[in-house]
Each structure stands twice: as C-alpha cells, then as structure tokens.
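# Chains, contacts and geometry: an overview
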Amino acid sequence: MKQMKPTMYVITGPTASGKSALAVELALRLGTEIISADSRQIYQGIPIVTAMPTPEERAAVKHHLIDMLPLDAYYSASQFEEDALRIAEEVMQRCGSVVVGGGSMMYVDALCHGIDELPTVPAEIRDGLMAEHVEKGDEWLLKELERLDPEYHAQVDRKNIKRVFHAVEIIRTSGRSYSELRTGERRQRPFEIKKYMIEMPREMLFDRINCRVDAMVEEGLEEEARSVYPLRALNSLNTVGLKEMFAMFDGTMDPATAIARIKKNTRVYAKKQLTWWARDREIIPLCWNVSPEAFL
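Now for a look at the structure at hand. All values derive from a computational prediction rather than experimental measurement. (Residues numbered from 1 in each chain as written. Predicted model: local features only at pLDDT ≥ 70, side-chain atom pairs only at ≥ 80, totals over all residues. Heavy atoms only, no water.)

It is worth spelling out the packing of helix α3 (residues 77–95) against helix α4 (residues 105–113) at this point. Contact pair α3 / α4: the axes reach a minimum separation of 9 Å and the direction vectors enclose 50°. For the element pair α3 / α4, the angle class is oblique. Where α3 crosses over α4, the two elements pack in a sense that is right-handed. Contacts between α3 and α4 involve A77, F80, E81, A84 and L85 from the first element and M106, Y107, A110 and L111 from the second. Taken together, the residues of the contact of α3 with α4 sort by class into eight nonpolar, no polar and one charged. (Axes fitted to C-alpha atoms, helices over the stretch in contact; angles between N-to-C directions. Helix = DSSP H or I, 4+ residues; strand = E, 2+ residues; numbered from the N terminus. Parallel < 35°, antiparallel > 145°, perpendicular 65-115°, else oblique. Left-handed = near helix turned anticlockwise from the far one by under 90°. Contact = heavy atoms within 4.5 Å. Nonpolar A, V, L, I, M, F, W, Y, C, P; charged D, E, K, R; others polar.)

Right, let's get into the nonpolar core. Membership of the largest hydrophobic core comes to 75 residues, with the highest contact counts inside it found for I35, F80, V99 and M245. Here this core takes nine residues from α3, the largest share from any one element. Discounting residues that sit within four places of it in the chain, I35 has contacts with H64, L65, F80, A84, I87, A88, V98, V99, V100 and G101. Counting residues in each nonpolar core, the second largest holds 17 residues, with L129, L145, Y152 and A167 among its members. (Core = buried A, V, L, I, M, F, W, Y, C linked by side-chain atoms within 4.5 Å. Buried < 20%, exposed > 50% of the residue type's maximum accessible area, 1.4 Å probe, protein only.)

Counting buried positions over the nine residues of helix α12 (residues 242–250) gives seven, a clear majority of the element. Of the surrounding elements, those touching the buried residues of α12 are α11 (221–228) and α13 (255–278). Two residues or fewer after α12 comes G251, characterised by a positive phi angle close to 90°.

Next up, the structure:
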C-alpha cells in the first residue's frame, strides 16, 4: 500500500518490547522494506546477543544495515544517518514508504532530525586512540574526556564507552571541545516521519527481558561470546550480554551471577531507553499488542 507522500514509519521502544516483529508486520502490510536502527546489529558474528532479526523475518522482508560490518570496523551515528537516508530515499521512491525499527536512541534521532556535522577523524588519530584505550582502559578514557571537555563529561552516559571514545577522537581531530561543536540544530527531511513507541506495563517488560536472556542462553550465547572473546577490547563488543560473559570467562563472575547480571543490566538499559523517549514529544505511544492496521 503506497502513501500519497513518502512516509517513514519509525518503530522504537525499549529492548524486548517486540519492535522487530511489529516492524516486519507493518513492512509486509505496506509492501516495503526495513532499515535497522540498532548500533550493534550492524556487526557480523554476534546475532544472538544483539537479537538479530530471525532468518524467517529476514526472508519475509528485506532488512538494511544489519549483519554487514566486521567487528573491528568503526561506525558512528553520523555514518548511520548518511547510510540510512540514502537507503530510505531509494526505498521510498520504489515503495512509497519505509519502516525503521530499532532502539538505539542516537541512531533514531540522527535519522529523523540530523546530527551535528563533525570533522572526519583521520585513521591515524582513531588508531592511536584505540591503542591507548586498549592499553590504559575505560577509566583513563573518561579522565581524558574530563580533561579535554569537562562540560560534555558531566553530561555523557559514562557507561557508553563508544560515545566517550567518539567525543575524544573528535576533540583530538578538531582541536575544539565536543560541547562547542554540538549545535543541536534539527534538519528538515523531505518526507513525512511517523514515530511510534511500543508501551507495556513495566512488570511485563521486565518479564520479557528475563525470558529473552534465558532464550539467548539456550540458543548458544556462551558459545557466541567465546568465539569473540579474543577481540573483547573492541568497542563493538562493549555491550550487555558480552561484558558479563567475558567476566565469567575471566573468572570474576560465576555463571549464575553472569546471567542474573545480564538480566539486570538489560533492565537498566530499558529504563534509559524509556527515559530518553519520554522526552520526545513527537512519539506516538502504541499498546504492545497493536495491529499494523492501526498505522494506516
């Protein structure tokens, strides 16, 4: 079903809320394709921990920007904006609409409203910072950001090391503070954007998270984590589910504690997502069992 005006349907919400399944249902109903807005599903080799769309879902609807980069590749929200916009415009030209599904807050914002134009980081600066980070650790990187840009250090999610790393490399490239370069200016898009968030009772969401983690364990989470364990210093692997498995392999966490911690940390992440989306006045709340017909 084609729209009179090109339309982007954004399906977001907390982890384990059913975004992927709803995005597939809606894309099938519209006769279009899906762009993933997930900052971890873009990488290859970790389909279980990232809850990659199932083979059945991928066979039913074409998915873009998933399972495409090696784990050591660098990727940012600005790169996502460029890639996703190009794909969205091509898909909307053919189909009249496109569906975006994912819970990575910065990616969704970058696609819908644009992201500040920042300098391209030369490979030598990025590689040098990566080498220092591997040698000196996360605490050093946080202190480096505090030294270079105390204003942004006070605002940033300090557990999101990828974001901290990005700020430091931008500062080193530009010679200016990251705070100074962030304008927050919104860009207009040449298509309509309809943004939805799946809502459900908190107790129900947490139960779904716990069940998803148990399912991941049954599907082979430990084996997947062991396969990438030698690369554990990479930013792409700095994610809930792998960090706890790595701690278990290091002997600092027993198996039962590691699984319990994954569940807890996933619930904490879901709360952060809910807090982020609550500030977005463009979001249309959706009941968790909504039918795709509600969009049309």
